[in-house]
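What follows is each chain in one-letter form.
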Amino acid sequence: MEAPVRLARADVFMLSLPMVRSFRSAYGKSASRKRLIVLRLEDRDGTTGWGEAPIAERPLYGTDTAESTWSALTDLLLPPIIGPPFRGAADVASSWAGIIGQHYAKNAIECAVWAIASAKLAVPLSRLWGGVRDAIPVGESFPICDTPEALLSEVDARVREGFARIKLKIAPGWDVAPVSAVRAAFPGMPLSVDANCGYSPDSGPWRELDDFGLVMIEQPLAGDALIEMSELQQALQTPLCLDESAASYNMTRIALRMGAGRIVNIKPPRLGGILPSIAVHDLCAGQQVPAWCGGMLETGIGRGFNLSLAALPGFTLHSDMSPARMFYEQDLVDPTFDVTPDGCIAVPTRPGNGFPVVPERVTACTIRSWKSDGRD
Ligand code: OSB
Ligand code: MG
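Here the structure is a predicted model, which is why all the values come from computation and not from measurement.

Cut-offs applied
- Residues numbered from 1 in each chain as written.
- Chains lettered and ligands numbered in written order.
- Predicted model: local features only at pLDDT ≥ 70, side-chain atom pairs only at ≥ 80, totals over all residues.
- Heavy atoms only, no water.
- Helix = DSSP H or I, 4+ residues; strand = E, 2+ residues; numbered from the N terminus.
- Rg over C-alpha atoms; globule rule 2.2 N^0.38 Å.
- Buried < 20%, exposed > 50% of the residue type's maximum accessible area, 1.4 Å probe, protein only.
- Contact = heavy atoms within 4.5 Å.
- Areas by Shrake-Rupley, 256 points an atom, 1.4 Å probe, with all protein chains shown as cover.
- Lys, Arg positive; Asp, Glu negative; His and termini not counted.
- Charge placed at Lys NZ, Arg CZ, Asp CG, Glu CD.
- Axes fitted to C-alpha atoms, helices over the stretch in contact; angles between N-to-C directions.
- Parallel < 35°, antiparallel > 145°, perpendicular 65-115°, else oblique.
- Left-handed = near helix turned anticlockwise from the far one by under 90°.
- Donors = N, O, S within 2.8 Å, 3.2 Å for Na, K, Ca; no water.
- Near = heavy atom within 4 Å.
- Polar contact = N/O pair within 3.5 Å; in protein donor to acceptor, adjacent residues only side chain to side chain.
- Nonpolar A, V, L, I, M, F, W, Y, C, P; charged D, E, K, R; others polar.
- Core = buried A, V, L, I, M, F, W, Y, C linked by side-chain atoms within 4.5 Å.
- Arc of directions from axis to C-beta.
- Pairing = 2+ DSSP bridges.
- Phe/Tyr/Trp six-rings, centres within 6.5 Å; stacked < 30°, edge-to-face > 60°.
- Lys NZ or Arg CZ within 6 Å of the ring centre and 35° of its normal.

Asks: Help me get a handle on the overall build of the protein chain, residues and values and all.
Replies: On a plain count of helices and strands, the protein chain comes out with 13 helices and 16 strands. Over its C-alpha atoms the protein chain spans a radius of gyration of 20 Å, differing by no more than 12% from the 21 Å that the globule rule assigns to 376 residues. Dimensions of the protein chain along its principal axes, counting C-alpha atoms only, are 60 × 40 × 35 Å. Across the 376 residues of the protein chain, 57% fall into the buried class. Residue pairs at least 24 apart in sequence account for 71% of intrachain contacts in the protein chain once pairs closer than 6 positions are excluded. Summed over its atoms, the accessible surface of the protein chain is roughly 14400 Å², and 53% of this surface lies on carbon and sulfur atoms. Here the protein chain holds 35 positive side-chain charges and 42 negative ones, and the gap between their average locations is 4 Å.

Structure (structure tokens):
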């Protein structure tokens, strides 16, 4: 189901969003303010849609950065799509078929176009995409802490709020001790770890980790170390999960074909859009590979899309969907969302952006903005 769109205007905002805490992973410690890009598209009929690029300042997780994404949006991808008529989001995406990469930028635009289509059709995003769930089981991703005790008290607080799966960020020096402390304190709880490419094949505590009954070990080795990932997977009982390795639809196919992992973390910004994400979802569902929706500390703008996508039937494991209050002093949407005592977050039923964007909050933390030429 798609609605024709004809864009009259685009506004792009580079934001610096104050964080309530920094986020530490194998990539190091994040700054106290988060750089990210949001954009607003306006159709000729006045309908608007917002998209988000939860992009980092430095190319650690992927090659895209805030600056490269800014340039891709404002120089390359947005100018040609302001003015011409499109049959829908797929048609817009086909306009950049020859341009490789720029996944965060492409996803932000595709999402905003979907929000416009959803508003025009008065049908919520999850229904447009084939969603079957009205609530998403969610887990929390716990950054590296100073001590296992500090981690335990955080996990305890989150579990009391309802989060039903624990994911611990690990890195050399922060692995067996925190995992074993959390495992002992929450014996029945689904527990997984995310190494963010932090190990080499011979440096990881694989035997010890394999004995904790983890749901998965997410991305233990470098994203392109598919041969080593596949060898490691063969040596372990615990499924490996592809995150950084699932860099595109085709890379995900290759990685699965090679046995480099048995679970896939689906993230629209990393895959370059909702359509490639649905294609990866279908690929996984067709091979009985469990999938879940990952996150990159999105605000409520990006989370609205992730929650709508996670309603598809192949998202069978808990998604990373901590509410924005965990990271940001203020979300960009109001009302925002939260976890219910049964460990779920409701799928947005509102047509258009899942949660209403507050433009004043966007402008309040804008450090640079751009608008398309043309009608104003
Ligand atoms: O590896 O899943 C990851 C955040 C930024 C970049 C990569 C990752 C993450 C997270 C955060 O783990 C999870 C979330 O958004 O809730
Ligand atoms: Mg990850």
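Asks: Account for the packing of helix α9 (residues 249-257) against helix α11 (residues 274-286), naming residues and giving values.
Replies: One way to put it is that α9 packs onto α11 with a least axis distance of 9 Å and a crossing angle of 20°. Relative to α11, the element α9 is oriented roughly parallel. α9 and α11 meet at a crossing whose hand is right-handed. In this structure, α9 uses Tyr249, Thr252, Arg253 and Leu256 to contact α11, whose residues at the interface are Ala279, Val280, Leu283 and Cys284.

Asks: So what's going on with the coordination of the magnesium ion (ligand 2)? Which residues, and what values?
Replies: At the metal site, the magnesium ion (ligand 2) is ligated by Asp194 (OD), Glu218 (OE) and Asp243 (OD), and these contacts range over 2.1 to 2.2 Å. Of note, the donors binding the magnesium ion (ligand 2) are all from one chain and are spaced D-x23-E-x24-D. Within this pair, whereas Glu218 is found in strand β10 (residues 217-218), its partner Asp243 is found in the loop between β11 (240-242) and α9, the two being separated by 25 residues in sequence. Owing to a relative accessible area of 0%, Glu218 belongs among the buried residues under this scheme. Accessibility expressed as a relative area gives 1% for Asp243, which makes it buried.

Asks: Tell me what's going on with the site of ligand 1, and back it up with residues and numbers.
Replies: Taken together, 15 residues sit near ligand 1, with Lys169, Asp194, Asn196, Leu297 and Arg303 positioned nearest. Contact distances for ligand 1 include 3.2 Å between an oxygen atom and a side-chain N or O atom of Lys167. Contact between ligand 1 and Leu297: an oxygen atom at 2.9 Å from a main-chain N or O atom of the residue. Considering ligand 1 on its own, with 390 Å² of exposed area, one finds that the protein chains cover 92% of that surface. The class makeup of the residues in the shell around ligand 1 is 3 nonpolar, 4 polar and 8 charged.

Asks: Describe the nonpolar core, and please don't skip the residues or the numbers.
Replies: Core analysis: the largest hydrophobic core is formed by 120 residues, its most contacted members being Leu41, Ile109, Trp129 and Leu168. When residues in this core are grouped by element, the largest group, 10 residues, is from helix α3 (residues 103-121). Leu168 has contacts with Phe142, Leu151, Val155, Pro178, Val179, Val182, Leu191, Ser192, Val193 and Asp194, leaving out every residue within four places of it along the chain.

Asks: Tell me about the side chain of Asn265, and please be specific about residues and values.
Replies: Positionally, Asn265 belongs in strand β12 (residues 263-266). For Asn265, the side chain forms a polar contact with the side chain of Glu218, separated by 3.0 Å. Among residues more than four places away in sequence, those in contact with Asn265 are Glu218, Cys241, Leu242, Asp243, Ala246, Arg270, Trp292, Cys293 and Gly294.

Asks: Give me helix α8 (residues 226-235): which residues, what numbers.
Replies: By the burial criterion, the buried members of α8 are Leu226, Met229, Ser230, Leu232 and Gln233. For α8, the angular spread of buried residues about the axis comes to 160°, placing them on one side. Pointing more than 90 degrees away from the buried face of α8 are the exposed residues Ile227, Glu231 and Gln234. Looking at the packing, one finds that the buried side of α8 touches α7 (206-210), β11 and α9.

Asks: Provide a residue-level description of the pairing of strand β7 (residues 135-142), including the pertinent values.
Replies: Across the 8 residues of β7, 6 count as buried, placing the element largely inside the fold. Relative to strand β15 (residues 344-346), β7 runs antiparallel, the two sharing 3 bridges. Its bridge partner lying in β15, Pro137 is registered against Cys344. Bridge count between β7 and strand β8 (residues 166-169): 3 bridges; the pairing is parallel. Across the sheet, residue Glu140 finds its bridge partner in β8, namely Ile166.

Asks: Give a detailed account of the packing of aromatic side chains, specifying residues and quantitative values.
Replies: One pass over the structure, following the stated rule, counts 7 aromatic pairs. Relative to Trp129, the ring of Trp114 has its centre 5.8 Å away and its plane inclined at 85°; by these criteria the two rings are edge-to-face. Of this pair, Trp114 sits in helix α3 while Trp129 sits in helix α4 (residues 125-129), and the two are 15 residues apart along the sequence. The two residues Trp114 and Trp129 agree in class, both being buried. Where Tyr199 meets Trp206, the ring centres are 5.5 Å apart and the plane angle is 65°; that geometry is what we call edge-to-face. The class for Trp206 is buried, based on a relative accessible area of 9%. Grouping aromatic residues by their ring pairs yields a cluster made of Phe23, Phe327 and Tyr328. If you follow Arg165 out to its NZ or CZ, it ends over the ring of Trp292, 5.5 Å from the centre.

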